[in-house]
Amino acid sequence: MSDVPARCSRCGNEIRVSEFIALESLKCPNCKSQLILDKSTVERGANRLAARKEKPPEPAAAPESNPTTSNGVSSLRRKRRPESKIRQIGKIGVSDYVISWFIFLTLTPVLCLLRYVDFLAESDVLDLIYGGQIAFAIFYLVILVEAFSDDIFDGILCLFLAPYTFYYLFVKSTSFVLRAILLALFAAFGYDICLTVYAWIIWAIDYVTWWINTGALNG
């Protein structure tokens, strides 16, 4: 709203009044005669007043929703889609998919040749198998740490369900290089890893059986 000049039709006195004031209330404070507004001022004020009345009220802003909460309960799960990033190698941009496939197709034949073809002495092959299983266990632990840092529910499942660890790695994880390395190690030493795990399971069963029988005999 702005003030506009109004002139007295009798004494010529000029005062400033609101452009929206009613014409019949325009009286000169000196001689009480009719005040006169400029015609353009009257039309401009009427148009602005009509536009203000016709303008619909602005809708109330919707409250912002917190994506981490649902019905007041914090969500412990975080959704994330695996996306391949572009990495600059010199002046060439290479995606993580290409890098992971290059690592897998390069590392797997080399490890398989060293493991199953008679290139090394028997003692060296045993050392290679032992080292390959240790490397697989280390990368497996790295996956567990990543799963817990990404989603505590996925981390718990990976900790107690070994098959779910591979599901997480190949479906949810974005560590494409880690995926390629672990798959290459499993391709070369998967048979040895299964034998080792089987031996540990048998040892655990025998130990638990012995402990139960010993306790029963002492009782």
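First, a word on scope: everything that follows refers to the structure included in this document. (Residues numbered from 1 in each chain as written. Predicted model: local features only at pLDDT ≥ 70, side-chain atom pairs only at ≥ 80, totals over all residues. Heavy atoms only, no water.)

**Description of the packing of aromatic side chains**
Evaluation of the coordinates by the stated rule reveals 9 aromatic pairs. Consider the rings of Trp101 and Phe104, whose centres lie 6.1 Å apart with planes at 80 degrees: the pair is edge-to-face. Taken together, the residues Trp101 and Phe104, both in helix H2 (residues 96-116) and 3 residues apart, mark about one turn of the helix. Judged by its relative accessible area of 52%, Trp101 is exposed. (Phe/Tyr/Trp six-rings, centres within 6.5 Å; stacked < 30°, edge-to-face > 60°. Helix = DSSP H or I, 4+ residues; strand = E, 2+ residues; numbered from the N terminus. Buried < 20%, exposed > 50% of the residue type's maximum accessible area, 1.4 Å probe, protein only.)

**Quick word on the pattern of salt bridges**
Following the criterion strictly, the structure yields 2 salt bridges and no others. Here Arg115 and Asp192 are joined by a salt bridge, their closest N and O atoms 2.9 Å apart. One end of the pair, Arg115, is in helix H2; the other, Asp192, is in helix H6 (residues 176-218), and 77 residues separate them in sequence. Pair check on accessibility: Arg115 and Asp192 agree, each one buried. Note that Lys172 is salt-bridged to Asp154, the shortest N-O span being 3.1 Å. Note that Lys172 is positioned in helix H5 (residues 162-172) and Asp154 in helix H4 (residues 152-160), a separation of 18 residues in sequence. (Salt bridge = Lys/Arg side-chain N within 4 Å of Asp/Glu carboxyl O.)

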